[in-house]
Structure formats: C-alpha cells, structure tokens
Amino acid sequence: MISEYKIALKSIGKYDPNQIEDYITIGGYKSVRKALSIQPEKIIDSVINSGLRGRGGAGFSTGLKEKFTNQSKGIQKFVICNADEGEPGTFKDRVIMEQDPHVLLEGMLISAYAIQATKAYIYIRGEYTESIKKLQTALKQANEKGFIGKNIFNSGFDLDFEIKLGAGSYLCGEELTLLESLEGKRGYPRIKPPFPAEKGLFGKPTLVNNVETFAHIPYIIEKGAEHYKSMGTDDSPGTKIFTISGDVKKPGYYETEMGVSLRELIYDFAGGIKDNKDFYAAILGGAAGTFVNETVLDTPMAYDTLKEKGAVLGSGAIMIMSEGRSLFDMTNSILEFFKHESCGKCVPCRIGMPQLLLIMENVKNNKLERLEALNLLLNESEYMAKSSLCPLGQSPILPIKSLKQYFENQF
Ligand SMILES: Cc1cc2nc3c(=O)[nH]c(=O)nc-3n(C[C@H](O)[C@H](O)[C@H](O)COP(=O)(O)O)c2cc1C
Ligand code: SF4
C-alpha cells in the first residue's frame, strides 16, 4: 500500500505555528540562510533542475518563471503569493497557512532573493481569517528576529512583506486579474502577453506563485534538485497535496508522490467509497476540471499522463461521485458557478454562460433530449473557448468535453 510522503506538509503538527522559536528548533529558516549565501542564478538553476511545476493549476515550470523574472530589467520587482484558493474542492493552501505559515515565508524569501525582488505580497482569500491571523503573527515574529526586513542574515538583501485581502471573486485568483485587484482596481483580467515576469504589478517584473509551490522551495534548497527529482514522475517530479471530497469515507487532504493513482487515493488514503457503494465518477481539478470514469482509476496522477487521457490535474482537487449520483445535476452546479463568477467584460462569456444554463433548463423542461443537449453544450463551450478574453470563459469546455468523452450516454 502506498503511503503519504510530505514536503509541503512536512512540518505540520511538529511545531506551534504561533511560536517562531519552535520552528527554528526543527530546522526552520536554515534554507533561507543557505540560499542567501548562494548566487541567485544558482538557486534558479536548482529550481529549474528540480522540475518543480506550479501547484496552482497551470503546472508551468517554477524555475523558468523565476529565470524570466530574474532576467527582466527593472530596479523594482515583486514576488506575490497567490493565496486566493477559490477553485471548488481545493483546500490545501489554507492548511499550509494555518499550520505552517513559516514555510510559506521561507519559500517566498528564497524566491524573492532569486529574482531580486524588492517587495513581497500575500494576496489571500478574505474568508481565511485563521490563515490571516497565523500569517500576521508569523510575519511579526520573523520581523523581530530579523528574518525579514533589512539586511536579512547580514546578506545585504532586504525584503518587506504585506498581506492583501482578496476581493472575493473566483476570477481574482487568476494571476493577471489578481494583479489588477492588488493595484486597487476592479477584478477584470488583463490581456496576455505581456506576462507578469515582464510586466506585472504596477508594470514591474513580478513572480506569482501558489502557496503550495512556495512551500516546496525550502526543501529543494535543503535537499537539492536531484533528490527532489527522484520523487514523482519524469514530467511531474515531487509530491502533491490532493484534496479529496464527496462520496469517500475519509475526505481530506493527502500529500504523496506525483504519479499515485486515483484508485490508491480513493481506497488507500480516503478509506474507499462511502456506504459501500461503487465508484461512479470523479471530477479532477475542480470546476475548471474534468469528469473521468473508472478507466482512469489506474492512470498516474501527473500533469502529462492525465492530459493524454483528456483530463487535468489542476489544483489537485478530487471530487468523488458514487453510483446513483447525477452527472446532470453536477454539471448544472458547475455551470451555475461559472455564470456567477463571469465578470461580464467580454461578450462570448457574458452571453455564453447563460446560454449554457438555458440548454440545461430546456432539458429540465423536457424541451431537449440529454444527448442533444450535451452536443449543444459542447458547441457553445467550444465557441467560448476560442473567443473569450480570459481563462474563465475558456473553462466550461473542460468538464463538458470530458462528459462527452467518458459519459456520453449517461448524461
Ligand atoms: C479563474 C482562475 C482562478 C484561479 N485561482 C487561483 C487560485 O485561487 N490560486 C492559485 O494559486 N492559482 C489560481 N489560478 C491560477 C493562476 O492564474 C496562476 O496560474 C498561479 O497563481 C501561478 O502559480 P503557480 O505557478 O505556482 O501555480 C487561477 C486561474 C484561473 C484561470
Ligand atoms: S472570459 Fe468571462 S471572466 Fe473572462 S473577461 Fe470574459 S467575461 Fe470576464
């Protein structure tokens, strides 16, 4: 039986998150001290060689993002932690921030030094009051110790932190919209390119990473890229926190090596399907994710292997549906969510989201056959994917296409 392997969660339960002294006793801030004695470019090389990919959903190489930001010219640069955690079914970042806030600060400090950032922001979901409290305490204590602020560990490197509360919209977790929001503007997306590495916050080079991504950085600095790469799969090294919800006996968060199968996650980690029922479907990656059936149970849970199956890993959210659950109802609530979160800036998404729900409504009113409805949803969402301004309008195609692939006759 496969077991948990912890990197992002490795210090959880081992120290009191309100006591920095406790954290130091278990080796806290050693990685920062080590990193500040190394050339920034060498740190970036390590992160590139480790193969770490962003844990926020897109899975882009973290080291390459650091490299591009480092190479962008500018006196002022920013590092931002995306702690908005809005993807339905995702609750991993909260665990890190509430129970190990210092690992996040360490990861951000090292990354900021690597790109030579002058300021760090944590953009956090406003509802996460406990995380905010824990981070405030951690920042105060780290400041008093001289671990943040001026001339950190006598390296000549300075870094101030600021916590900013999110604006309360799913879209504000999208990195370019997040930048607008952080600048005090309405949460509308920006057009890419330019990417944040070139023109980010206030037009300056900016590195935006997810909480879990930052939590891997101190470990990579401590143990080295080769060790990190020895875990997980070739295309997705390291570990991942999977948040499992729905019809399982032990819903929760579990960290293990990438490449674990969905079957192992359900039966070895989450205790199996509730009420002794059979597995029916899983939604991988949240609302902007994909439905899969039992043929994916033994596929390694990693970015590229899932992609080959038409599925996504996303943020690591896994929602389990047992036999008897309605795919139609689940699809309806996903589409309701998207409609609610659409910002209305562009026509294809503003008009397209209600259209998708109208198709669902017509099924409920017996005006449309389900299979016909699925084909219409696919058509409409394909059009939206091609013409919407930002990734939100391009998202409904993911669950809908996967329904067509795996559940065409059961919708
Ligand atoms: C609609 C939308 C919402 C998102 N919400 C989040 C979020 O809450 N947290 C997050 O880390 N990334 C979120 N992302 C992904 C970010 O845009 C971005 O890819 C991520 O912050 C990059 O960090 P990483 O490379 O460490 O994954 C979202 C993306 C989209 C399209
Ligand atoms: S795709 Fe949707 S969320 Fe994105 S800009 Fe257009 S209306 Fe707004």
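**Q** Explain the overall build of the protein chain residue by residue, including any values.
**A** Across its full length, the protein chain holds 16 helices and 9 strands. By the compact-globule yardstick of 22 Å for 411 residues, the protein chain fits well, its C-alpha radius of gyration being 21 Å. Considered along the principal axes of its C-alpha atoms, the protein chain spans approximately 70 × 50 × 35 Å. In the protein chain, which comprises 411 residues, the share counted as buried stands at 51%. Partitioning the contacts of the protein chain with sequence separation of at least 6, the portion at a separation of at least 24 is 71%.

**Q** Explain the site of ligand 2 to me, using residue names and the numbers behind them.
**A** In the vicinity of ligand 2 there are 14 residues, among which Cys343, Cys346, Cys349, Cys390 and Gly393 approach most closely. For the shell around ligand 2, the per-class residue count stands at 8 nonpolar, 4 polar and 2 charged.

**Q** Let's hear about the nonpolar core: which residues, and what values?
**A** Membership of the largest hydrophobic core comes to 122 residues, with the highest contact counts inside it found for Leu104, Leu265 and Ala282. If you tally residues by element for this core, the top one is helix H6 (residues 101-115), at 10 residues. Not counting residues up to four positions away in its chain, the partners in contact with Leu265 are Phe242, Ile244, Tyr254, Val260, Ala270 and Ile318.

**Q** Could you give an account of the packing of helix H3 (residues 40-50) against helix H9 (residues 211-223), naming the residues involved and the relevant values?
**A** Packing of H3 against H9 leaves a shortest axis separation of 10 Å and a crossing angle of 105 degrees. If you check the angle between H3 and H9, you find them roughly perpendicular. Note on element contacts: H9 touches H3 through Ile217, Ile220 and Ile221, opposite Ile43, Ser46, Val47 and Ser50. Across the contact of H3 with H9, the residue classes tally to 5 nonpolar, 2 polar and no charged.

**Q** I'd love a proper account of the site of ligand 1, names of residues and values included.
**A** Not every one of the 23 residues close to ligand 1 is listed here, only the nearest: Gly54, Gly56, Gly173, Asn210 and Thr213. With 3 residues, the single largest contributor to the shell around ligand 1 is strand E4 (residues 206-210). For the shell around ligand 1, the per-class residue count stands at 7 nonpolar, 10 polar and 6 charged.

**Q** Give a detailed account of helix H8 (residues 175-182), specifying residues and quantitative values.
**A** Summarising burial for H8: 7 of the 8 residues are buried, a large majority. Those residues of H8 lying buried are Glu175, Leu176, Thr177, Leu178, Leu179, Ser181 and Leu182. On its buried face, H8 sits against strand E1 (78-83), strand E2 (119-124), strand E3 (160-165) and E4.

**Q** For the sheet that holds E3, give the residues involved together with the corresponding values.
**A** If you walk across this open sheet you meet the 4 strands as E3-E2-E1-E4, and the pairing is parallel. Each edge of the open sheet is held by one strand with a lone partner, namely E3 and E4. Each neighbouring strand pair of the sheet contributes to a mean axis angle of 20 degrees, computed without reference to strand direction. In terms of strand pairing, E1 meets E2 through 6 bridges, oriented parallel. Paired with Ala83 across the bridge in E2 is Ile124. Here H9 sits on the sheet and contacts E1 and E4; the angle it forms with E4, its principal contact strand, is near 95 degrees.

**Q** For helix H15 (residues 370-387), give the residues involved together with the corresponding values.
**A** End to end, H15 covers 26 Å across 18 residues, agreeing with the expected 26 Å (1.5 Å per residue, within 8%). Three or more residues of H15 are buried, namely Ala373, Leu374, Leu377, Glu380, Ser381 and Met384. The buried residues of H15 occupy an angular sector of 135 degrees when projected down its axis, which confines them to one face. H15 presents Leu371, Asn379 and Lys386 as exposed residues on the side facing more than 90 degrees away from its buried surface. Next to the buried residues of H15 lie helix H14 (347-364) and helix H16 (397-407).

**Q** An account of the sheet that holds strand E9 (residues 317-322) is needed here, citing residue identities and associated values.
**A** Spatially, E6-E5-E9-E7-E8 is the arrangement adopted by the 5 strands of the open sheet, whose pairing is mixed. Lying at the two open borders of the sheet, with one neighbouring strand each, are strand E6 (252-257) and strand E8 (290-292). Strand-to-strand twist of the sheet, defined as the mean angle between neighbouring strand axes without regard to direction, takes the value 30 degrees.

**Q** Help me get a handle on the domain arrangement of the protein chain, residues and values and all.
**A** For the protein chain, the domain assignment lists domain 1 (20-229), domain 2 (239-322) and domain 3 (327-410). In this assembly, 13 residues from domain 1 lie in contact with 15 residues from domain 2. Of the residues assigned to the side of domain 1 that touches domain 2, the class counts are 3 nonpolar, 5 polar and 5 charged.

**Q** How would you sum up the environment of Lys42? Please name residues and give values.
**A** Here Lys42 is to be found in helix H3. Linking Lys42 and Ala114, residues 72 residues apart in sequence, is a C-alpha distance of 8.4 Å.

**Q** Could you give me a rundown of unusual backbone geometry, with the residues and numbers involved?
**A** Cis geometry marks the peptide bond from Lys192 to Pro193; its omega dihedral reads -15 degrees. Within the fold, Pro193 resides in the loop between H8 and E4. Pro193 connects to Pro194 through a cis peptide bond whose omega is 5 degrees. As for its placement among the helices and strands, Pro194 is situated in the loop between H8 and E4. The backbone phi angle of Tyr29 is positive, close to 70 degrees, even though this residue is not glycine. For Tyr29, the location among the structural elements is in the loop between helix H1 (20-25) and helix H2 (30-35). Classification of Tyr29 as buried rests on a count of 20 C-beta atoms within 10 Å.

Conventions and cut-offs
- Residues numbered from 1 in each chain as written.
- Chains lettered and ligands numbered in written order.
- Predicted model: local features only at pLDDT ≥ 70, side-chain atom pairs only at ≥ 80, totals over all residues.
- Helix = DSSP H or I, 4+ residues; strand = E, 2+ residues; numbered from the N terminus.
- Rg over C-alpha atoms; globule rule 2.2 N^0.38 Å.
- Buried ≥ 20, exposed ≤ 12 C-beta atoms within 10 Å, placed from the backbone.
- Contact = placed C-beta atoms within 7 Å.
- Near = placed C-beta within 6 Å.
- Nonpolar A, V, L, I, M, F, W, Y, C, P; charged D, E, K, R; others polar.
- Core = buried A, V, L, I, M, F, W, Y, C linked by C-beta atoms within 7 Å.
- Axes fitted to C-alpha atoms, helices over the stretch in contact; angles between N-to-C directions.
- Parallel < 35°, antiparallel > 145°, perpendicular 65-115°, else oblique.
- Pairing = 2+ DSSP bridges.
- Expected span 1.5 Å × (residues − 1).
- Arc of directions from axis to C-beta.
- Domains from an automatic or database assignment.

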